[in-house]
Amino acid sequence: MITIPYLTALTTYFSYGLLFAFGQFRDFFRKIFDWWQASNLQGYAPICLGLEDFYIRRLYLRIQDCFGRPIASAPDAWFDVVERYSNDYNKTLKRTEKISRCLNLGSYNYLGFAAADEYCTPRVIDSLNVFSASTCSTRVDGGTTTLHKELEECVANFVGKPAAVVFGMGYVTNSAILPVIIGKGGLIISDSLNHNSIVNGARGSGATIRVFQHNTPSHLEKVLREQIAEGQPRTHRPWKKIIVVVEGIYSMEGELCKLPEIVSICKKYKAYVYLDEAHSIGAVGKTGRGVCELLGVDTADVDIMMGTFTKSFGSSGGYIAGSKELIQYLKYTCPAHLYATSISPPAAQQIISSIKVILGEDGSSRGAQKLARIRENSNFFRSELQKMGFEVLGDNDSPVMPIMLYNPAKIPAFSRECLKQNVAVVTVAFPATPLLLARARICISASHTKEDLLKALEVISQVGDLVGIKYFPAEPKKQLQHQEQQPGKETIKLE
Amino acid sequence: MEKYGVGSCGPRGFYGTIDVHLDCEARIANFLGTTDSILYSYGLSTMFSAIPCFCKKGDIIVVDEGVHWGIQNGLYLSRSTIVYFKHNDMESLEKTLEKITAKNQRAKKLRRYIVVEAVYQNSGQIAPLDKIIKLKEKYRFRVLLDESNSIGVLGHSGRGLTEYCRVPIEKIDIVTASMGHALATEGGFCTGSARVIDHQRLSSSGYVFSASLPPYLASAAITAIDVLEQNPDLTSKLKENIAILWKGLSDVQGLSLASHPESPIVFLRLEKSAGSMKGDLRLLEDLANHALKEESVFVVVSKRSTLDKCPLPVGIRMFVSAAHSESDLLKACSSVKKVASVVLKDHIHP
């Protein structure tokens, strides 16, 4: 859990208060100004009422150039960021033709499949010629090609479950599956920091939702006991079904979930476990099979495993893996299967080829190399950042590492300074994180080399000093005599 | 694909915006004549993300009963008050609008919407947009139009229902569409005024929290629109094909045509139902299987999920394409007639 230092909390509150007051002031003037000029929508209520878009207009627009930066090449280790300029104080941003080559620390490219790959890309282009870019119909009507069947078998094998079903988009997978497997009279217990797609799916299902404290199995047990004892809200009858939803790696914290304890608790109380491995599949574990392999949990204990292909496999889409009866039932009833266009054939081919590379079935050991590299890279980077005094979250072995910023003014400062030095980072603020806990999130990839990481460390350290986010004391530097010999240069000493 | 790889590896806010996305959005806005548009990575998620973005608890939404599941889910997630009106029936719509505005005098603060589809997926009817616009202006509602099956099909240059009914597109507040139908790629888009689009860039969950569209699909969309603009005879060929199929199928025994004569989805309904929806489905499946095995004609039966609340009857759907030739279509008509007379002989009116 993140504990924010007292002084930092005070200054952050103060900054937000100042921005809020300033925004209200400007809104007041805008209201007077609008009252002078009549608008042309008489009789209609405004499309955004009152404070709904206050945050967008007054706070977000000021730093809009830190988000949504367009790129002009594949999101590989180094990529081209398009420069933008604004004539009206960041309200609208216009593209220029200039691009700058930056180090990519923001894309979800864990195994380096984002760019054209020597094994995958020729096969993908072949499948594009044979099957065309889209099947133009739903899975049940005419959209199931041999590629789709092969893909489902491949995925089921890789994950370690009897059967799998594949959808065209990860977000829709969660939103459309949860309503199908649980309805009114069921109970969903989800982690407090679950992703928006799970929240949407849970709301759309009509079941009762309870939340347990992030990654705390003891609290989960308490909530389960309470809920089972009380039963359904008004009738107090026993629940029809209980599903506990957790994620493999939480994308905003970089933590792994405590899966063994959670699975044992669920077994004790006979609840189903739904594991969302969006970030962890392919990226952690000895052979890339995700959190279950890393933490030593048997895949038969997790009832439903869900994941997406966008992060480690460089494609798009989502899957659900489970027992054969479950998958059969889903194919009959799930709206995402019956109504939505099926996954695009080149994307499916990319997934199949990348799984083959990871498992080593293409004949080379590139898969094992990539997995080892990403583990080394993430552990190295995390330990170095912690030594420099940054507050870094996340467990070892996880390729996602957030650096805490807290103060709203530091968000654009960090982002813009890093971009000036050709390092592209991602900064996240409200509403994806709680209001006080803004952070910069770094995603390491297997295609980063040691030199890239060293350059990134240097730049981040410089900018960190400038912006003032080294909240923890840095470890004392070894080899002090080296530093005395080069007094003017700020370098980083590594062991 | 060699330049950008396959996936885009990130949501739109975090370096997932590739310049082809921006080009595609500009092209779509250009083609339809609006100020801006926003791309979603999946057709189904377009509707169920756009609706909760603008409709919150307490708003009133009047919607046709035959809309597809994506819209129904979006309405459920928005927690607004939902009122259904009879499928494609303008008098029922007027009565409902009258009832709502009469009841609610303090309706100044409430936002009111009408949601319709241009060509209904579940029945093939076409919504009479000019009448809807008149009602909208009289009662002050905003219109949300889903043009998934009408982009590229209706209107002489394929700009959709607004061109077909000769309504200027500025009168429609929000237009959404899925590109998986006529434009032959995946994904969806939403277009409207600049205020509407900008609001969605931060508050639409399917846009902010999900990875962006793979870049090769965005380029495919741009090329599709280019082709459509340069060859307007594609739309006229499609219309001819639809007319041929309609004429050929108007005298099939046991089935009746239930869709609009100009809709690209030709919907055949059973004249005498077999009792329950399950029974109907079984009969139709039988028909479809026979058609495929014996005649090599591939038609589909409309499927319903358990979550779908649509009360319209099920039937056989045939999708017409501009690539079909006249002989193909005539063969299809004769096969369907033959198979229907075999399978449905107990269910035909004497």
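What counts and what doesn't
Residues numbered from 1 in each chain as written. Chains lettered and ligands numbered in written order. Predicted model: local features only at pLDDT ≥ 70, side-chain atom pairs only at ≥ 80, totals over all residues. Heavy atoms only, no water. UniProt positions renumbered as here; feature names shortened; annotations may be inferred. Phe/Tyr/Trp six-rings, centres within 6.5 Å; stacked < 30°, edge-to-face > 60°. Helix = DSSP H or I, 4+ residues; strand = E, 2+ residues; numbered from the N terminus. Buried < 20%, exposed > 50% of the residue type's maximum accessible area, 1.4 Å probe, protein only. Lys NZ or Arg CZ within 6 Å of the ring centre and 35° of its normal. Contact = heavy atoms within 4.5 Å. Buried area = accessible area lost by both parts, 1.4 Å probe. Salt bridge = Lys/Arg side-chain N within 4 Å of Asp/Glu carboxyl O. Polar contact = N/O pair within 3.5 Å; in protein donor to acceptor, adjacent residues only side chain to side chain. Nonpolar A, V, L, I, M, F, W, Y, C, P; charged D, E, K, R; others polar. Pairing = 2+ DSSP bridges. Core = buried A, V, L, I, M, F, W, Y, C linked by side-chain atoms within 4.5 Å.

Chain B appears in an unreviewed UniProt entry as serine C-palmitoyltransferase from Hibiscus syriacus. Reading the Cofactor (unreviewed entry) entry of the UniProt record for chain B gives the comment "pyridoxal 5'-phosphate". What UniProt records for chain B under Sequence similarities (unreviewed entry) is the sentence "Belongs to the class-II pyridoxal-phosphate-dependent aminotransferase family."

As annotated in an unreviewed UniProt entry, chain A carries the name serine C-palmitoyltransferase and comes from Hibiscus syriacus. UniProt, in its Sequence similarities (unreviewed entry) section for chain A, records the words "Belongs to the class-II pyridoxal-phosphate-dependent aminotransferase family." Turning to chain A, the UniProt annotation filed under Catalytic activity (unreviewed entry) states: "L-serine + hexadecanoyl-CoA + H(+) = 3-oxosphinganine + CO2 + CoA".

Observations concerning the packing of aromatic side chains
Evaluation of the coordinates by the stated rule reveals seven aromatic pairs over all chains. Each ring, one from F158 of chain A and one from F313 of chain A, has its centre 6.1 Å from the other, and the planes form 75 degrees; the classification is edge-to-face. Taken together, the residues F158 of chain A in helix α4 (residues 146-159) and F313 of chain A in the loop between β9 (304-308) and β10 (318-322) connect sequence positions 155 residues apart. Like F313 of chain A, F158 of chain A is buried. With centroids separated by 6.1 Å and ring planes inclined at 70 degrees, the aromatic side chains of Y40 of chain B and Y207 of chain B adopt a geometry described as edge-to-face. Of this pair, Y40 of chain B sits in strand β2 (residues 36-40) while Y207 of chain B sits in helix α8 (residues 205-208), and the two are 167 residues apart along the sequence. A single burial state applies to Y40 of chain B and to Y207 of chain B, both of which are buried. Three or more aromatic residues joined by ring pairs make a cluster, and in this case those are F158, F309, F313 and Y319 of chain A. Sitting over the face of the ring of F141 of chain B, R112 of chain B holds its NZ or CZ atom 5.5 Å from the ring centroid.

Considering the interface of chain B and chain A
Chain B puts 71 residues into the contact, and the matching count from chain A is 76 residues. Summing the contributions of chain B and of chain A, the shared interface buries around 6,400 Å²; its carbon and sulfur component is 64%. The largest contributions to the chain B side of the interface with chain A come from C9, Y15 and Y42 of chain B, which together make up 14% of the buried area. Linking chain B to chain A there are zero salt bridges. Inspection of the region where chain B meets chain A yields seven residue pairs in polar contact (both at pLDDT 80 or more). Per-element accounting of the side of chain B that touches chain A gives the leading share, five residues, to helix α7 (residues 194-203) of chain B. In terms of residue class, the side of chain B that touches chain A is made up of 32 nonpolar, 18 polar and 21 charged. Relative to strand β1 (residues 17-18) of chain B, strand β1 (residues 70-71) of chain A is paired through two bridges, and the arrangement is parallel. From the neighbouring strand, P70 of chain A faces β1 of chain B, where its bridge partner is T17 of chain B.

So, the nonpolar core
By size, the foremost hydrophobic cluster in this structure holds 137 residues, and its most contacted members are F381 and L385 of chain A. Sorting elements by how many residues they give to this core places helix α9 (residues 215-230) of chain B first, with eight residues. Contacts of L385 of chain A, omitting those with residues within four sequence positions, involve F390, V392, M401, I403, L457 and I460 of chain A.

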